[in-house]
Amino acid sequence: MSIIRVENLSIRFRIYHDRSPSLKSYFANLFKRQSQTAYSEFSAVNEVSFTISAGERVGIIGRNGAGKSTLLKALCRVYEPSDGEIAVDGRIAPLLEIGAGFHPEFTGRENIYLNGAILGYTKQQLIEIESEVVAFAELEEFIDTPVKYYSTGMYMRLAFSLATSMHPDILVLDEIFAGGDAAFLAKAKSRMYAMIDNANIMVMVSHDHQLVTSLCNRVIWIDHGKVEGDGLPEEIVGRYLGGKELG
Amino acid sequence: MKTKARTFIEEVHDSRYVLSQLVLQQLILRYRRTVLGYLWTLINPLLMMTVMALVFATLFKAELKTFAVFLFAGMIPWNFFSSVVTQSGSSFINNEALIKKIYLPKIIFPLSITFALLIDSVLSFLALSVIIMTIGGSLSWALIFIPISYLLLFFFALGVGLIMSVATVFFRDLQHVVLIAMQGLFFLTPILYRPDELMGNLVWFVRLNPVVPFIDLFRAPLYLASLPTSGVILESVLISLSAMSLGLFVFLRQQRQIVFRL
């Protein structure tokens, strides 16, 4: 049984006003003592708490820059909490951006192994899924060509097939992605849904409110890094959309 | 605290497959689509050292064959050290896109660079050894010390590389500073000259230069056909241990901040 517990989570970024501090100014400031801060802090996520238990399908909604993606990245350990705690029980899959870690000079097959390793597959697993990934991406002919010669669609298909060939306990999605022509899109969607069905917990960020209401059984609305609403999808999405129309 | 160190080691151990893939990536990319491929690992240092040996043997009026061996013994450890330090500096910056998207133990980036360079260095060492033998160098039992020399050099370079990799994220200027610093350090290290040939104020710098014992670790078995003196061994053990501890200390303290500063 997987569980995600987030307690008083804050993630703060420093925004440097002039530039990244140079060695010179660092040492200059060391001796000056009066630390005039050349940066201001910005809380992308601000004292957020929630618990997600097994079986929950959580959609995270909110405006651009509200902190949704930062929150997801924190769940995937990309960002360390500045304050508070995150406890994750279960194997979590980093599905934030497909194709991260692909190398253009490498062939499709080499990238399956390189990117697969980065995504956390073992060598044994990769050997097992290799042919299935290639077949699903419909790239049998080009799998030994460097991916820099791929079309956007081919690239997306390979990245998608690889990223979705594992079945994690906890699935974290930043927008549902699927590229390619209509035929592939249909195939990709059903693969995606199968993956969501198999996951113990699913957390997704999306601006597609219909998708969120249809896929999720709980919605968390984030605004300015804080939880603005948390509950049933129709209710929260309704409140979010209503609030948007008002102001 | 103990558990913290333990999770760190476990994490690195668990990521050995990613690590090997990253090492492989660097080795493959360097020579992909070149006609001679991996041969460049061998040709490159060979050509460079031939040029240097010719020029400096003429300049210093030394005997070419002896000088070539002398130079080669010094260049092998120097090239490895200097490439590790310069390339580690940009290891996080070059992988920014990846680090911001997927969690990976940060140490694998400088670590993969060090491993890839070690493989390169050992390969060119082997190639150059063959050349040395054919132009009339001699094999000696002292050569069995070379793996130990490499081990000590590896940890020394990795320690300094770790510090550089973290420091460069905070102070980008270091990318440029380090290139000049390494150039300067090259001349302050007895690679082209014998340490006893040096006179004047510079002697003190050379005496304080931490790279010097590592040069001796290679030069003794290769050029003098003898084991390094116990003083040199002790010195290099101490230096590589301190570099490694300091490197790990800096790295473990700052690794969580790296993603915020990229």
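Heads up: the structure comes first, above all this text.
What comes next concerns the included structure. The structure presented is a predicted model; accordingly, all values stated were derived computationally and were not measured.

## Topic: helix 11 (residues 212-224) of chain B
The α-helix advances 3.6 residues per turn, and as a result positions three or four apart in sequence lie on the same side.
Residue and element names in this part refer to chain B.
Reasoning step 1: Remark: the principal bend of helix 11, roughly 30°, maps to Phe218, with a proline, Pro221, within the next four residues.
Reasoning step 2: Of all 13 residues in helix 11, 10 are buried; the element is thus mostly enclosed.
Reasoning step 3: When helix 11 is considered as a whole, its buried residues turn out to be Val212, Pro213, Phe214, Ile215, Leu217, Phe218, Arg219, Ala220, Pro221 and Leu222.
Reasoning step 4: One or two positions beyond helix 11, positive phi appears at Ala225, with a value near 55°.

## Digging into the interface of chain B and chain A
Reasoning step 1: Counting from both sides, the interface comprises 26 residues of chain B and, opposite them, 37 residues of chain A.
Reasoning step 2: For the chain B and chain A pair, buried surface summed over both sides reaches about 2,800 Å², with 64% attributable to carbon and sulfur atoms.
Reasoning step 3: When the buried surface of chain B facing chain A is broken down by residue, B:Tyr17, B:Lys101 and B:Phe260 rank first, second and third, together holding 24% of it.
Reasoning step 4: Linking chain B to chain A there are two salt bridges.
Reasoning step 5: Ionic pairing is found between B:Arg256 and A:Glu80, a salt bridge with its closest N-O pair at 3.0 Å.
Reasoning step 6: At the surface where chain B touches chain A, the tally comes to four residue pairs in polar contact (both at pLDDT 80 or more).
Reasoning step 7: Those elements that place two or more of their residues in the side of chain B that touches chain A are helix 2 (16-31), helix 6 (96-99) and helix 13 (258-261) of chain B.
Reasoning step 8: Partitioning the side of chain B that touches chain A into residue classes produces 15 nonpolar, two polar and nine charged.

## Observations concerning helix 5 (residues 152-163) of chain A
Reasoning step 1: For helix 5 of chain A, built from 12 residues, the straight-helix expectation of 16 Å at 1.5 Å per residue is met to within 8% by its first-to-last C-alpha distance of 16 Å.
Reasoning step 2: Every buried residue of helix 5 of chain A is listed here: A:Met154, A:Arg157, A:Leu158, A:Ala159, A:Phe160, A:Ser161, A:Leu162 and A:Ala163.

## Quick look at the packing of helix 7 (residues 108-134) of chain B against helix 8 (residues 146-170) of chain B
All names here are of chain B.
Reasoning step 1: In the contact formed by helix 7 and helix 8, the axes pass within 10 Å of each other and the chain directions differ by 145°. In the crossing of helix 7 with helix 8, the sense of the turn from one axis to the other is right-handed. Here helix 7 contributes Pro110, Leu111, Thr114, Phe115, Leu118, Ser121, Val122 and Phe125 to the contact with helix 8, which in turn contributes Ile146, Tyr150, Phe154, Leu158, Leu162 and Ser165.

## Topic: the pairing of strand 1 (residues 3-16) of chain A
Reasoning step 1: Here strand 1 of chain A runs beside strand 2 (residues 39-53) of chain A; their pairing, made up of 11 bridges, is antiparallel. Among the inter-strand pairings, A:Ile3 is bridged to a residue of strand 2 of chain A, identified as A:Ser53.

## Here's the deal with the pattern of salt bridges
Reasoning step 1: Going through the model one piece at a time under the given rule, you end up with 14 salt bridges over all chains.
Reasoning step 2: Measuring nitrogen to oxygen at the nearest pair gives 3.1 Å for the salt bridge that ties B:Lys100 to B:Glu96.

## Thoughts on the sheet that holds strand 2 of chain A
Residues and elements named next belong to chain A.
Reasoning step 1: Strand order in this open sheet of three strands is 2-1-4, and the pairing throughout is antiparallel. Where the open sheet ends on each side, the last strands, each with one partner, are strand 2 and strand 4 (83-89). In this sheet, neighbouring strand axes are inclined to one another by 25° on average, regardless of whether the strands run parallel or antiparallel.
Reasoning step 2: Across the sheet, helix 2 (residues 68-75) lies against strand 1, strand 2 and strand 4, angled at about 120° from strand 1, the strand it touches most.

About the criteria used
Residues numbered from 1 in each chain as written. Chains lettered and ligands numbered in written order. Predicted model: local features only at pLDDT ≥ 70, side-chain atom pairs only at ≥ 80, totals over all residues. Heavy atoms only, no water. Bend = angle between axes of the 7 residues up to and from the residue. Helix = DSSP H or I, 4+ residues; strand = E, 2+ residues; numbered from the N terminus. Buried < 20%, exposed > 50% of the residue type's maximum accessible area, 1.4 Å probe, protein only. Contact = heavy atoms within 4.5 Å. Buried area = accessible area lost by both parts, 1.4 Å probe. Salt bridge = Lys/Arg side-chain N within 4 Å of Asp/Glu carboxyl O. Polar contact = N/O pair within 3.5 Å; in protein donor to acceptor, adjacent residues only side chain to side chain. Nonpolar A, V, L, I, M, F, W, Y, C, P; charged D, E, K, R; others polar. Expected span 1.5 Å × (residues − 1). Axes fitted to C-alpha atoms, helices over the stretch in contact; angles between N-to-C directions. Left-handed = near helix turned anticlockwise from the far one by under 90°. Pairing = 2+ DSSP bridges.

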